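Fold and geometry: a report
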Amino acid sequence: MDAARLIEDTRHGLARARAPQEIVAEAWQAQALAEAVGTHLLLYGPQEFESEARGLSEAGGRLRGSFPEAAWRTGRVRAARLSDVHDQRRVLIGLGALLGEVGIALVGVACSAEVESFYWQCMEVIDAVDESGDRVGGLLRQLEELEQPRSDSAAWPS
């Protein structure tokens with residue numbers, strides 16, 4: 001499945017999440033998707049993406065071992081269905097927006113946390129989401145540079 005579709009599915013999941021644990025589960029889904037997109041771009045994207053794509057994959061994978069109980073109940077990891085990134089710009093913009101929405105939702109959850117350990121769990125997820133968002137921004141800047149016409153390809157003056 002194309003990454004753009006998975007991003008939309010995750011945005012809808014976040015919008016439907018009501019309980020704090022469900023929001024954290026959707027944040028985990030977004031991070032898993034960031035990892036998958038980073039890995040895909042590392043393997044199939046332009047060579048210039050290598051460093052930032054690896055960083056996105058690693059940042060997305062920071063939460064891999066802490067799959068929330070609410071996510072287990074859904075029975076699936078959306079990112080596992082990633083098969084392609086058809087439009088890199090669209091996917092990176094969408095992923096950046098998703099990560100921003102997740103961060104905002106997590107701040108709300110953290111602020112209302114009544115248990116200190118849950119607050120710190122939210123802070124860890126916020127930090128990981130923020131790092132992933134930074135990597136997405138770096139990839140977008142690199143994509144823009146790749147799409148700029150090169151000044152050295154201009155015709156020589158006569």
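Described below are features of the structure shown in this document. (Residues numbered from 1 in each chain as written. Predicted model: local features only at pLDDT ≥ 70, side-chain atom pairs only at ≥ 80, totals over all residues. Heavy atoms only, no water.)

Quick notes on the packing of helix α1 (residues 3-16) against helix α5 (residues 88-111)
Here α1 crosses α5 at 15°, and the two axes come no closer than 9 Å. With respect to each other, α1 and α5 are oriented roughly parallel. In terms of crossing hand, the pair formed by α1 and α5 is left-handed. Here Ala3, Ala4, Ile7, Thr10, Arg11 and Leu14 of α1 lie close against α5, whose contacting residues are Arg90, Val91, Gly94, Leu95, Leu98, Glu101, Val102 and Ala105. Class assignment of the residues belonging to the contact of α1 with α5 gives a composition of 9 nonpolar, 2 polar and 3 charged. (Axes fitted to C-alpha atoms, helices over the stretch in contact; angles between N-to-C directions. Helix = DSSP H or I, 4+ residues; strand = E, 2+ residues; numbered from the N terminus. Parallel < 35°, antiparallel > 145°, perpendicular 65-115°, else oblique. Left-handed = near helix turned anticlockwise from the far one by under 90°. Contact = heavy atoms within 4.5 Å. Nonpolar A, V, L, I, M, F, W, Y, C, P; charged D, E, K, R; others polar.)

Quick look at the packing of aromatic side chains
A full pass over the atoms with the stated rule returns 1 aromatic pair. The interplanar angle of 80° and the centroid separation of 4.9 Å between the aromatic rings of Tyr119 and Trp120 together place this pair among those described as edge-to-face. (Phe/Tyr/Trp six-rings, centres within 6.5 Å; stacked < 30°, edge-to-face > 60°.)

Brief notes about the state of the cysteines
Counted by the stated rule, this structure contains 0 disulfides. Lacking any disulfide linkage, Cys111 is separated from the closest cysteine sulfur, that of Cys122, by 9.5 Å. Accessibility expressed as a relative area gives 67% for Cys111, which makes it exposed. A relative accessible area of 0% places Cys122 in the buried class. (Disulfide = S-S within 2.5 Å. Buried < 20%, exposed > 50% of the residue type's maximum accessible area, 1.4 Å probe, protein only.)

A look at the nonpolar core
Formed by 42 residues in total, the largest nonpolar core has its most connected members in Val37, Leu41, Leu95, Val102 and Leu106. Elements that contribute at least two residues to this core include exactly α1, α2 (20-44), α3 (50-60), α5 and α6 (116-147). By residue number, the principal contributor to this core is α2, which donates 11 residues. Apart from the residues lying within four places of it in its own chain, the contact partners of Leu106 are Ile23, Val24, Ala27, Cys122, Val125, Ile126 and Val129. (Core = buried A, V, L, I, M, F, W, Y, C linked by side-chain atoms within 4.5 Å.)

Topic: the pattern of salt bridges
All told, the structure shown has 10 salt bridges when counted by the stated rule. Among the salt bridges present, the one from Glu52 reaches Arg135, with a minimum N-O distance of 3.5 Å. Placement of the pair is Glu52 in helix α3 and Arg135 in helix α6, with a sequence separation of 83 residues. Residue Arg135 is classed as partly exposed on the basis of its relative accessible area, which comes to 26%. Between Arg89 and Glu147 there is a salt bridge, and its shortest N-O distance comes to 2.3 Å. Of this pair, Arg89 sits in helix α5 while Glu147 sits in helix α6, and the two are 58 residues apart along the sequence. Among the charged side chains, a network of salt bridges with common partners joins Arg5, Asp9 and Arg81. (Salt bridge = Lys/Arg side-chain N within 4 Å of Asp/Glu carboxyl O.)

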